[in-house]
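Residue-level listing of the chains:
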Amino acid sequence: MNPARKRTARLIVALSAAVVLASALIYTSFSAASPALSPSQLVRQAQPGRSYQLTGTVAKGSVRHEANGIAFAVEDRAGGTTIPVNYTGTVPDPFREGREVIVTVQKQGGRFIGERNSLITKCPSKYKTAPPGEKQNY
Amino acid sequence: MAVLGRVCLLLALAVCAYGIGASLYGVRSGRLEFADSGRRSVYALAGILTVAFAVLEIAFLRNDFAFVTVADTSSRTTPGLYRAAAVWSSQEGSLLLWAWLLSLWSSLALFITRRRMREVAAYATAILLGLGGFFIALMVFYATPFATTRPAPAEGAGLDPLLRFPTMMIHPPMLYSGYTLCMIPLAFGMGALLARRVDAAWMRVARRFAFAAWLFLGAGILLGARWSYAELGWGGYWGWDAVENASLMPWLTGTAFLHSLMIQEKRGMLKVWNMSLVLATGALAIMGTFLVRSGVLNSIHAFGGATLGVPFVVLIGALTAGSIYLVVSRRDMLRSEHRLDSLLSRESIFLANNLVLVALCFVIFWGTYFPLISEALTGQEASVGPPWFDRYTVPLALILVLLSGIGPVIAWRRATLANARRNLATPAIIALLALVALVAAGVREKPFAIAMFCCGAFVLGSIGQEFVRGVRARRAIAGETAPVALLALVRRNRRRYGGYIVHVGMAVLFVGVAASSSFQHASELGLSPGGSTRVGAYTIRYLRPTATITPRYDAAHTGSTLSLGAVLDVSRQGRHVATLSPSEGYYDSGEPAQGSVGHLIGGQAVSHISMSAGVTRDVWTAIAPNISTPALQRIVTVGNRTLPPEQAEVAIAYLARAYLKNPPPAQFHLIVSPLVMWIWIGGLMVFGGGLIAIWPAPSSVRARVRVRSRARAAQGLARA
């Protein structure tokens, strides 16, 4: 093979490898991704054994400390549907009632189990003072 | 004072506009005195922004709560050092820091090049001032750091307690220095394309500043990881969070550029690729800033109420489109002078390393922006988690570490098989010995971790061999003792041996990451005093509760009103190892609605972890005490009802005593991780190696090089 053809062949092999790898990446990202749903959407769509990213606010008066973690309920941002979640793992420092959270959950029986260490507290004002309504009231 | 700050910003904007006009007019019309004036306006910008930054810093130090940003992010109870760092904890303050650092680095770059590449520098000046002007315009029109309120509040809200940590004070300036330094190669690269002078001169500037950017960005990322590990009650150092990823991406493309640049310097190849990497690194750095500012992705870092999305999208779009247009329209100037001679050569190893780094960057880019991509394509927001990132990044990291061991010992152009075998035999044997030792020691699970240990051993072997050969050669020639020869070797070839140290540091860091993520033992459980549990080989016993009150005596010196914790005894096979005392700090919320007592502890609660760090393992502990028991809550409620604000601390003291007397079970997070310390040691080695490589060569060497090049030129002339 002359050098020019050899180079072209090499380029085609390299490009095809890149395309194959990129397609694998893109395919797996769609199949491995957990959709982000609000409680009212999750109630309608949840299938057992699939992971979902549940987003909403922590319902008032719902946080309970248990032997191996915490239980709390996630409420639609606008209020309404709430979903109780049992969660084990790290609880971020800013977590509290009324805050917006994202937690990866799976439906097991009639319950939603939070994936270990998946809880993120999305504090809308992380680097600023929280508005009064969000504060923990003593 | 605020007026002075506002005037400075307006003046800075005017200077940017003038400087852009002057440099463009100067270079277009050939009247370079205007371009010089444009360059001087960058110095002026640096001066003006220094004054603006000083105004804000002084307001923070003086507790001038008339400044809205001071009232929002600082308070009298925030300890002094953290007050100084609170400047960049707000959105407005960090924009000012960005613009200020950009003006300083730009001044340095333009000062160094003031007598060279005047056309390229003139375009670069305009681009840098354009970027600076963009940030200043954001501060003038969207988020001004100098907004004031009358009457000034008596007390501010305080710095977020999570940020009251020493590395948090230097992490943002480091990262921002890295981001802003990325702008220099971007500006000079675009300048070179615009001026159609794509020669070696701009590359020298680009290399030096890309290296500095790489160093600062790397240090910033590592400090952030350290903060996450030692401050957040999480125990991890990397979580594939959107903002973490955003800082890693330009670092990866920057690393690729620093390697492929060597091929361009030596062989005149890969010019389009290098230019694209420089421009991509700059665009990724802006995107990193954008991610923090826009709140477009869910991140633990996102600023509240961030509204700067649209201007950033416009800037990134313009930069990307401009870069693509310039590279495509100037592609004739960027033709390679040579072709790859052999697949077994240093060039091809570097090329492979570049492809792996860019692939890593692509994986991280895709994963980070996946929520946006998926929403755009399917209408449903979805995100990928750490397991997805690990699936791709772990094998790529393995290849990368392996290549970092092969690259330095393989010849340029064309290596013979015999030559490659001679150079790679020792490292391969060392890697094999490591594998045998690991299997003999009973490490048989976690194939990826074992592979990483072997790759690490391979790199140590290959770089160690290079050092030994170099020292041996010097000893043979100059008859020096081994330590003197080693020092002289590194001093004479800073770039090369500094680079080698960086490679060893990276290998050590990855070994630490592999060991600590694969062989970690963790436990989360509730314990009462006297209770104990086993984590890995260690027994951890909850001896007694602790409580401190008043910000002044806060054990962690972060100004918490109340701090509740525990004394833990760590032992192994009956032998005492360490006594640890994790605690949780409760902070004043400054919110009167919570009651005279309630607000004193109603702010953010923050874990203060306690750990015993060692060369072989870290024992890491955090506590979340339960203060919502009815008995403790009653104290707060009664205090709220009966105590005026000036006596409210009495109730806190009473609460602390009640907690000590009858402590409810506390929730503990306990982790035993092997080799975590090697992540930090590896990081320090990378930083040290980087400093050695970037340090200018000693004047004597430079003089000798100059003499030699003149002699060569004279020879060439004589021959002609």
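Predicted model only: the values in this text are computed from it and were never measured.

Calculation rules
Throughout this description, residue numbers start from 1 for each chain and increase along the sequence as written. As a convention, the first chain written is A and the first ligand written is 1, with the rest following in written order. Reporting of local features is limited, given that this is a predicted model, to residues whose pLDDT is at least 70; pairs of side-chain atoms are given and counted only at 80 or more, and all residues count toward the totals for whole chains, interfaces and linings. Secondary structure elements are taken from DSSP: a helix is a run of H or I of four residues or more, a strand is a run of E of two residues or more, and numbering for both begins at the N terminus. C-beta atoms are first placed from the backbone for all residues, and any pair lying within 7 Å is then listed as a contact. The reference for a compact globule is 2.2 Å times residues^0.38; the radius of gyration itself is calculated from the C-alpha atoms. Here exposure depends only on C-beta density: within 10 Å of a residue's C-beta, 20 or more other C-beta atoms make it buried, 12 or fewer make it exposed, and intermediate numbers make it partly exposed, the C-beta atoms being placed from the backbone. Domain start and end points were adopted from an automatic or database domain assignment. The pLDDT value expresses, per residue, how confident the predictor is, ranging between 0 and 100. What a helix is expected to span follows from its residue count: subtract one and scale by 1.5 Å. When DSSP locates at least two bridges between a pair of strands, those strands are taken to pair. Between N-to-C directions, angles span 0 to 180 degrees; the directions come from axes that are lines fitted to C-alpha atoms, helices contributing only their stretch in contact. Assignment of crossover handedness uses the view with strands pointing away from the viewer, where a clockwise path from the first strand over the helix to the second indicates a right-handed crossover. When residues are sorted by character, Ala, Val, Leu, Ile, Met, Phe, Trp, Tyr, Cys and Pro go into the nonpolar class, Asp, Glu, Lys and Arg into the charged class, and all the rest, Gly among them, into the polar class. What sets the label is the angle itself: under 35 degrees gives roughly parallel, over 145 gives roughly antiparallel, 65 to 115 gives roughly perpendicular, and the rest give oblique. Working rule for handedness: look at the near helix, and if it is turned counterclockwise from the far one by less than a right angle, call the crossing left-handed; if clockwise, right-handed. Any set of buried Ala, Val, Leu, Ile, Met, Phe, Trp, Tyr and Cys residues joined through C-beta atoms within 7 Å is what this text calls a nonpolar core.

For chain A, the helix and strand inventory stands at two helices and eight strands. The secondary structure elements of chain A, listed N-terminal to C-terminal, are α-β-α-β-β-β-β-β-β-β. Within chain A, contacts between residues separated by at least 24 positions form 48% of all contacts whose residues are at least 6 apart in sequence.

A few words now on the overall build of chain B. The helix and strand tally for chain B stands at 21 helices and 11 strands. For chain B, the C-alpha radius of gyration of 28 Å lies close to 27 Å, the compact-globule estimate for 720 residues. The principal-axis extent of the C-alpha atoms belonging to chain B is close to 100 × 70 × 60 Å. Burial statistics for chain B: of 720 residues in total, 52% are counted as buried.

If you check the domain split of chain A, you get domain 1 (1-33) and domain 2 (34-128). Taking the mean C-alpha position of each, domain 1 of chain A and domain 2 of chain A sit 40 Å from one another.

Averaged over chain A, the pLDDT score is 78; the fraction of residues at 70 or greater is 86%. Throughout residues 123-138 of chain A the model reports pLDDT below 50, and contacts reaching past four residues in sequence, or to other chains, amount to 43 contacts.

Moving on: helix α20 (residues 677-694) of chain B. Residues and elements named next belong to chain B. Under the 1.5 Å per step criterion, the end-to-end length of α20 is 26 Å for 18 residues, consistent within 8% with the ideal 26 Å. Inspection of α20 places Trp-678, Ile-679, Gly-682, Gly-683, Met-685, Val-686, Gly-689, Gly-690, Ile-692 and Ala-693 among the buried residues, and these make up the whole buried set. Tucked inside the fold, the buried residues of α20 contact α8 (200-230), α16 (482-492) and α17 (494-518).

Attention shifts here to the sheet that holds strand β2 (residues 521-527) of chain B. All names here are of chain B. Taking strand neighbours across the sheet as the criterion, the four strands line up as β2-β11-β10-β9 in an open arrangement whose pairing is antiparallel. The open sheet terminates on both sides in strands that have one partner only, identified here as β2 and β9 (610-613). Strand-to-strand, the axes of this sheet are offset by a mean angle of 10°, without reference to chain direction.

The side chains of a regular strand alternate between both faces of the sheet. Residue and element names in this part refer to chain A. Strand β2 (residues 51-58) sits mainly inside the fold: seven of its eight residues count as buried. Alignment of strand β1 (residues 34-37) against β2, held across two bridges, turns out to be parallel. Across the sheet, residue Leu-37 finds its bridge partner in β2, namely Leu-54. In this view, the connection linking β1 to its parallel neighbour β2 by way of helix α2 (residues 39-45) has right-handed handedness.

Here we take up the domain arrangement of chain B. Residue and element names in this part refer to chain B. According to the domain assignment, chain B contains domain 1 (1-164), domain 2 (186-384), domain 3 (413-518) and domain 4 (521-678). Just the C-alpha atoms count here: the centres of domain 1 and domain 4 sit 41 Å apart. Tallying the contact residues gives 11 residues for domain 1 and 11 residues for domain 4. The residue makeup of the side of domain 1 that touches domain 4, split by class, is four nonpolar, four polar and three charged.

Turning next to the packing of helix α15 (residues 447-478) of chain B against α17 of chain B. The relative placement of two packed helices comes down to the angle between their axes together with the axis-to-axis distance. Residue and element names in this part refer to chain B. For the pair α15 and α17, the least separation of the axes is 9 Å and the interaxial angle reads 160°. One element, α15, and the other, α17, form an angle in the roughly antiparallel class. With respect to the hand of their crossing, α15 and α17 are arranged in left-handed fashion. Of the residues in α17, those touching α15 at Ala-449, Met-452, Phe-453, Gly-456, Val-459, Leu-460, Ile-463 and Glu-466 are Tyr-500, His-503, Val-504, Ala-507, Val-508, Phe-510, Val-511, Ala-514, Ala-515 and Ser-518.

Quick look at helix α6 (residues 118-141) of chain B now. Under the 1.5 Å per step criterion, the end-to-end length of α6 of chain B is 33 Å for 24 residues, consistent within 8% with the ideal 34 Å. Across the 24 residues of α6 of chain B, 18 count as buried, placing the element largely inside the fold.

Here we come to the environment of Asn-68 of chain A. Within the secondary structure, Asn-68 of chain A sits in the loop between β3 (64-66) and β4 (69-75). By C-beta crowding, Asn-68 of chain A is classed as exposed, having 12 other C-beta atoms within 10 Å. When the C-alpha atoms of Asn-68 of chain A and Tyr-87 of chain A are compared, they prove to be 8.5 Å apart, with 19 residues separating the residues in sequence. Sequence-distant contacts of Asn-68 of chain A, defined by excluding residues within four places in its chain, comprise Thr-88 of chain A together with Leu-525 of chain B.

Residues and elements named next belong to chain B. Closest axis-to-axis distance for the helix α7 (residues 166-195)/α8 pair is 7 Å, and the angle between their directions is 155°. In terms of orientation, α7 lies roughly antiparallel with respect to α8. The element α7 and its partner α8 pack so that their crossing is left-handed. Each residue belonging to the contact of α7 with α8 can be placed in one class, and the counts come to 22 nonpolar, eight polar and one charged.

Residues and elements named next belong to chain B. By size, the foremost hydrophobic cluster in this structure holds 250 residues, and its most contacted members are Val-401, Phe-510 and Val-511. A per-element tally of this core places α8 first, with 21 residues. When sequence neighbours within four positions are dropped, the list of residues in contact with Val-511 reads Met-452, Phe-453, Gly-456, Leu-675 and Trp-678.

The subject of this paragraph is the environment of Ala-441 of chain B. With respect to the helices and strands, Ala-441 of chain B occurs in the loop between α14 (417-440) and α15. Taking the C-alpha atoms as reference points, Ala-441 of chain B and Ser-247 of chain B, separated by 194 residues in sequence, lie 38 Å from one another.

This part covers the environment of Met-287 of chain B. Residues and elements named next belong to chain B. Structurally, Met-287 is set in helix α10 (residues 271-294). Separated by 28 residues in the primary sequence, Met-287 and Leu-315 place their C-alpha atoms 9.5 Å from one another. Apart from the residues lying within four places of it in its own chain, the contact partners of Met-287 are Ala-246 and Ile-316.

For the rest of this paragraph, the subject is unusual backbone geometry. All names here are of chain B. Following Arg-150, the chain continues into Pro-151 via a peptide bond in cis, with omega recorded as -5°. Looking at the secondary structure, you find Pro-151 in the loop between α6 and α7. The phi dihedral of Gln-573 falls on the positive side, at around 50°, and the residue is not glycine. Along the chain, Gln-573 falls in the loop between β5 (562-572) and β6 (575-580). A tally of 8 C-beta atoms within 10 Å means that Gln-573 is categorised as exposed.

Further remarks concern the pairing of β4 of chain A. All names here are of chain A. Of all seven residues that make up β4, six are buried, and the element is covered over most of its length. Pairing of β2 with β4 involves two bridges; the strand directions are antiparallel. The residue bridging Val-58 from the neighbouring strand is Val-74, located in β4. In this structure, β3 lies alongside β4, joined through three bridges in antiparallel fashion. Looking at β4, one finds that His-65 is bridged to Ile-70. As paired strands, β4 and strand β5 (residues 82-87) are joined by six bridges and run antiparallel to one another. For Ala-73, the partnering residue across the bridge sits in β5 and is Pro-84.

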